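Residue strings, one per chain:
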Amino acid sequence: MNFRFKTTFAFTDYWLLIMAFLTISCSEQRRTRVRNYPVNTPFVYANKISLSGKLHKDEKKRLLTELNNYWDDSLKVPKQQEFGILYKIKSPPTFDSTNILRSINFMNAYLNSQGYYYSILTKRFTTDTIKDQIRVQIFVDINPGKNISIDTVSYDLNDSILKKITLTNVKSALIEEGKPYSKQVISNELDRLVKLYRKNGFYKFTREDIFAYVDSNNSNFLKLTIDPFEQARLLGEIAKAKKLNPKWGISIQQRPVLDSSKIFQFYIGNLYYYPETKLSDLPDSLIKDKSFSESIHGAATIRYKKGLFNYKPMKEDTYLKKGDLYNEEKYFNTANALAQLPAWQNIDIKPEIRNKDTVDLYFFLTPAVKQSFTVDLEASRNIADIGLTNLFGISTNLSYNNRNVWKNAIQSIATFRTGVELNLLNSKDQSSDLLQTFLINIGHTYVFPKIIQPFKKWNTLDNIQNSRTLWAVNAGYVDRRNFYRVRNFTTSFGYEWKKGNNTFVYKPLNIELYAIDKLDSLDQLIIKNPFLKASFNEGNIVSQSFSFIKSTFGKNNPNKSNFYRLGIEEAGGLFGFIPGLRGSIYRYLKTEVEFRQSHKMRKSELVFRGYGGLGYNYGGDTIIGPTMPFYKQFSAGGPNSMRAWRLRQLGLGSSDQSERETARNAFRDRFGDMQLEFNIEYRFDLATIGGFKIGSALFTDIGNVWNIRKTNASDPSTIFSINNFSKDMAIGIGTGLRFDLSYFLIRFDFAYKLKDPLRKTNGGWAGFKDFEWTDTRANGIQIPNFALQLGIGLPF
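Note that the structure is a prediction, hence the values are computed from the model and not measured.

Colleague: Looking at this structure, how should I read the overall build of the protein chain?
Modeller: What the protein chain contains, in helices and strands, is 12 helices and 32 strands. The buried share of the protein chain, taken over its 796 residues, is 41%. For the protein chain, the exposed surface amounts to about 43,300 Å²; the carbon and sulfur share of it is 56%.

Colleague: I tried to follow the sheet that holds strand β12 (residues 300–304) on my own but got confused; where do I start?
Modeller: In a beta sheet, neighbouring strands are held together by backbone hydrogen bonds and run either parallel or antiparallel to one another. Here we have 5 strands laid out as an open sheet, ordered β11-β12-β10-β14-β13, and mixed in their pairing. Looking at strand neighbours, the two that pair on one side only are β11 (293–297) and β13 (344–354), the edges of this open sheet. Between one strand axis and the next, the sheet turns through 20° on average, direction left out of account. Sheet topology places β13 next to strand β14 (residues 358–367); 10 bridges connect them, and they run antiparallel. The residue of β14 that forms the bridge with I347 is L365.

Colleague: I tried to follow the sheet that holds strand β8 (residues 210–215) on my own but got confused; where do I start?
Modeller: Strand order in the open sheet formed by 3 strands is β7-β9-β8, with mixed pairing between adjacent strands. With partners counted over all chains shown, the strands left at the sheet margins are β7 (149–156) and β8, one partner each. Here the average twist between neighbouring strands, direction ignored, is 20°. In this structure, β7 lies alongside strand β9 (residues 247–254), joined through 6 bridges in parallel fashion. Its bridge partner being in β9, S154 is matched across the sheet by S251.

Colleague: Got a minute to help me understand the confidence of the model for the protein chain in this structure?
Modeller: Any segment with low pLDDT has predicted coordinates that should not be analysed in fine detail. In this model, the protein chain carries a mean pLDDT of 83, and residues with pLDDT of at least 70 account for 84%. Segment residues 219–225: pLDDT under 50, and 9 contacts once partners within four positions in sequence are set aside and those in other chains are kept. Scored below 50 in pLDDT, residues 662–666 makes 14 contacts in the model with residues more than four places away or belonging to other chains.

Colleague: Sorry if this is basic, but what is going on with the pattern of salt bridges here?
Modeller: Opposite charge on two side chains makes pairing possible when the charged atoms of those side chains draw close. For the coordinates displayed, the defined rule picks out 32 salt bridges. Two residues, D141 and R124, come together in a salt bridge whose shortest N-O distance is 3.2 Å. Of this pair, D141 sits in strand β6 (residues 133–143) while R124 sits in strand β5 (residues 120–130); the two residues are 17 residues apart in sequence, bridging distant segments of the chain. Among the charged side chains, a network of salt bridges with common partners joins E605, R643, E681, R683, D701, R738, R747 and D749.

Colleague: I'm lost on the packing of helix α4 (residues 160–168) against helix α5 (residues 183–199) in this one. Help?
Modeller: If you want to describe how two helices pack, look at the angle between their axes and the distance between the axes. Taken N-terminus to C-terminus, the directions of α4 and α5 make an angle of 115°; their axes are 10 Å apart at the nearest point. In terms of axis orientation, α4 runs roughly perpendicular to α5. Of the two possible hands of crossing, α4 and α5 adopt the one that is right-handed. Where α4 abuts α5, its residues L162, I165 and T166 lie against L193, L196 and Y197. The residue makeup of the contact of α4 with α5, split by class, is 5 nonpolar, 1 polar and no charged.

Colleague: Would you mind going over the packing of helix α2 (residues 57–67) against helix α3 (residues 98–113) with me for this structure?
Modeller: At their nearest, the axes of α2 and α3 sit 11 Å apart, and the two run at 140° to each other. Put simply, α2 runs oblique to α3. Here the hand of the crossing between α2 and α3 comes out right-handed. Facing α2, whose interface residues are R62, L63, E66 and L67, α3 presents M107, Y110 and L111. Considered class by class, the residues forming the contact of α2 with α3 number 5 nonpolar, no polar and 2 charged.

Colleague: It is not clear to me how the environment of Y304 should be interpreted in this structure. Could you clarify?
Modeller: As for its placement among the helices and strands, Y304 is situated in strand β12. Given a relative accessible area of 24%, Y304 falls into the partly exposed group. With 10 residues separating them in the primary sequence, Y304 and E294 have C-alpha atoms 6.4 Å apart.

Colleague: It is not clear to me how the side chain of T437 should be interpreted in this structure. Could you clarify?
Modeller: You can see T437 is positioned in strand β18 (residues 435–448). According to the relative accessible area criterion, T437 is buried, its value standing at 7%.

Colleague: Quick question: what am I supposed to make of the packing of aromatic side chains here?
Modeller: Both the distance between ring centres and the angle between the ring planes are used here to describe each pair of aromatic rings. On inspection of all chains with the given rule, the structure shows 34 aromatic pairs. Taking the centre distance of 4.8 Å and the plane angle of 15° together, the rings of Y272 and Y362 count as stacked. Placement of Y272 in strand β10 (residues 267–274) and of Y362 in strand β14 is noted, with a sequence separation of 90 residues between them. By the burial criterion, Y272 is buried, and Y362 matches it. For the ring pair W706 and F720, a centre distance of 5.1 Å and an interplane angle of 80° mean the geometry is edge-to-face. Taken together, the positions of W706 in strand β27 (residues 692–706) and F720 in the loop between β27 and α12 (725–728) put the pair 14 residues apart, joining distant regions of the chain. Note on W706: relative accessible area 0%, which makes it buried. Among the aromatic side chains, those forming a connected cluster through ring pairs are Y203, F266, Y326, Y331 and F332.

Colleague: Is there a simple way to explain a positive patch on the surface in this structure?
Modeller: On the surface, K312, K315, K321 and K330 cluster together to form a positively charged patch. Note on placement: K330 falls in helix α9 (residues 328–340). By relative accessible area, which is 36% here, K330 ends up partly exposed.

Colleague: In this structure, what is going on with unusual backbone geometry? I would like to understand it.
Modeller: Backbone geometry at N36 places phi at a positive 55°, although glycine is not the residue there. Tracing the chain through its elements places N36 in the loop between β1 (32–35) and β2 (42–51). By relative accessible area, which is 54% here, N36 ends up exposed. Residue A409 is not a glycine yet carries a positive backbone phi of 60°. Here A409 shows up in the loop between β16 (391–405) and β17 (410–422).

Rules of the game
- Residues numbered from 1 in each chain as written.
- Predicted model: local features only at pLDDT ≥ 70, side-chain atom pairs only at ≥ 80, totals over all residues.
- Heavy atoms only, no water.
- Helix = DSSP H or I, 4+ residues; strand = E, 2+ residues; numbered from the N terminus.
- Buried < 20%, exposed > 50% of the residue type's maximum accessible area, 1.4 Å probe, protein only.
- Areas by Shrake-Rupley, 256 points an atom, 1.4 Å probe, with all protein chains shown as cover.
- Pairing = 2+ DSSP bridges.
- Axes fitted to C-alpha atoms, helices over the stretch in contact; angles between N-to-C directions.
- pLDDT = per-residue confidence, 0-100.
- Contact = heavy atoms within 4.5 Å.
- Salt bridge = Lys/Arg side-chain N within 4 Å of Asp/Glu carboxyl O.
- Parallel < 35°, antiparallel > 145°, perpendicular 65-115°, else oblique.
- Left-handed = near helix turned anticlockwise from the far one by under 90°.
- Nonpolar A, V, L, I, M, F, W, Y, C, P; charged D, E, K, R; others polar.
- Phe/Tyr/Trp six-rings, centres within 6.5 Å; stacked < 30°, edge-to-face > 60°.
- Patch = residues over 30% accessible without salt bridge, like charges linked within 9 Å, V, L, I, M, F, W, Y side chains within 5 Å.
- Lys, Arg positive; Asp, Glu negative; His and termini not counted.
- Charge placed at Lys NZ, Arg CZ, Asp CG, Glu CD.

Following this line, the structure appears as structure tokens:
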């Protein structure tokens with residue numbers, strides 16, 4: 001009976017995969033259904049643009065993507081993707097051939113804006129009748145011709161100061177000789193110049209005061225001659241040169257000055273702060289109101305009625321000072337920095353011109369709710385604990401938030417958590433004790449709105465934004481009945497700041513102290529499973545860490561974005577030399593690198609991710625052991641990593657040690673000193689119901705976790721080796737549903753182990769012939785070949 005059950009599943013799944021493959025192999029036309037079409041009337045079924053000529057593949061892809069946006073609305077196909085492989089056209093427009101010419105004109109105008117002035121566009125369409133459907137497919141063939149390049153670039157500005165600023169920063173110019181011409185590039189260059197001038201005091205200078213003059217004539221042919229035959233020859237050569245190698249000159253020029261104040265350099269005057277502004281207050285009325293109390297700090301004046309805030313936090317995040325040239329970049333950095341402070345919910349800055357060349361700044365800051373209190377209740381099911389395999393957990397989290405401590409916009413966050421795990425779900429032959437785990441945790445964090453450091457004047461701090469100092473303290477206690485009692489105390493002190501698109505976090509001090517009381521049941525478990533010993537070492541940590549995050553967008557393709565993250569942690573470098581601390585603190589170096597790239601399309605997104613982590617315990621301490629502490633090690637599996645495996649259930653390498661030595665308990669979590677992971681995910685929309693979006697995804701996860709140093713209790717297969725790299729790599733494939741509720745996203749993912757390093761047959765690969773939903777290990781453990789994951793938010 002059991003044999004027939006497995007065979008049925010394998011046979012059914014085999015044919016499901018065959019049917020899916022045949023469906024995908026069909027043409028898109030066969031996978032498309034039409035609804036609400038005009039009966040026996042030609043309607044737009046498909047449109048397609050073809051590009052010919054000598055184009056780089058990236059340029060061709062860019063042009064095709066953009067040109068598809070220039071179809072006339074009456075020729076756009078309302079096609080929607082369903083289930084990743086099927087398509088639906090709902091209410092297609094009636095076909096009218098006159099609308100093709102309008103689309104041609106739109107596309108030609110776009111090509112002109114990109115520097116293609118010699119394009120040839122050819123239109124055609126075909127008709128296909130299927131029952132009462134008259135389907136029309138429209139084709140536009142485009143030969144864009146030669147792209148115009150920039151011949152010469154000059155800056156002909158009347159104002160000497162503007163010209164000097166321009167030439168000083170000419171290396172940052174976006175238009176260069178020999179580069180392709182496009183209206184967008186010129187527009188970007190004009191925007192760059194206006195931003196540059198407004199950074200140097202020209203507060204009233206706008207885009208209307210500058211323009212680009214484009215000369216399409218080749219100056220080499222502009223020779224004075226009275227010979228008509230020579231003139232005809234030159235005109236012929238000009239026409240030929242324009243077609244074979246078109247080049248245009250660009251001159252940036254200043255419009256005639258009608259308002260002389262537009263070429264004045266303005267300076268910062270007085271600063272006025274209104275830190276108690278209400279949302280209903282009008283700025284002009286507040287400026288005229290004489291009933292405010294005032295606190296004067298040099299050129300800065302605080303106007304208040306209740307005295308809720310000190311001047312210091314506003315001073316720290318104001319990058320403009322009296323006497324400085326007006327700088328629009330610093331203006332926006334100031335607005336952004338003040339908006340990041342949790343003490344205020346809304347920020348508005350109003351510049352007011354005074355005298356001939358002075359700008360006073362008025363800051364209107366609306367306070368946020370000062371104090372808040374939250375209570376959360378959590379429930380969980382623990383299926384991978386030591387001893388018992390099925391515990392029900394419940395915990396309460398209390399949080400108190402004060403956003404304006406000591407009137408200095410310092411944020412204080414106090415947390416308290418307590419919980420228990422109960423033996424409600426186990427069979428009668430297991431432990432009868434109801435209470436299995438008790439935990440309590442208390443923590444406090446302060447966020448200071450500045451960099452706290454011992455040096456009185458540090459000029460480097462003037463070049464950073466959104467600087468913060470963070471200090472956190474946390475203490476906890478866990479009592480696991482009959483197994484262990486853990487006490488911990490952690491504290492850290494560090495800094496966070498931003499510079500452009502870069503975010504930096506540096507913690508010069510991080511202390512983590514742990515004390516473990518091992519009870520009889522744990523001692524017996526370690527004797528049976530020696531590899532668990534490293535998970536219960538009593539080593540402490542004194543470390544420092546640094547992390548860097550950067551996000552960028554494509555220069556030519558704003559739908560392409562990159563994300564970079566680097567993290568480094570070093571522990572015990574100095575304190576490890578103190579004789580009294582040997583054997584009690586870890587000494588290791590840990591690094592993490594992550595890269596993500598996203599390609600967004602109209603209704604879909606393709607995301608690539610690569611992650612690598614490596615930790616090395618260089619202490620060589622025989623008491624603590626040669627690996628990092630398990631809570632600092634890497635793990636794979638779960639809703640955000642290697643989704644075909646349950647949480648922390650992948651690895652190490654191709655070793656089955658965790659399963660082989662824990663046949664009678666559920667403690668199979670795997671931790672290692674090294675991790676590699678690569679992910680590809682294609683996300684697409686399915687439908688919109690009741691205001692929230694339903695999407696799906698197809699994904700592949702590749703990776704594993706290893707150790708890099710051998711221990712007496714470890715299997716050689718747990719150690720990373722280039723020779724075993726392909727054997728050790730695990731591969732999972734899957735799909736899922738995403739419910740986007742705007743303020744958060746719920747994700748259900750199903751993944752199957754395409755390649756499991758612990759699968760003994762077929763080199764670890766899943767096959768059609770011996771397909772199974774579970775895999776039986778040598779010790780009789782049944783391991784599922786799939787996983788269902790529930791996650792909040794996207795996996796990466």
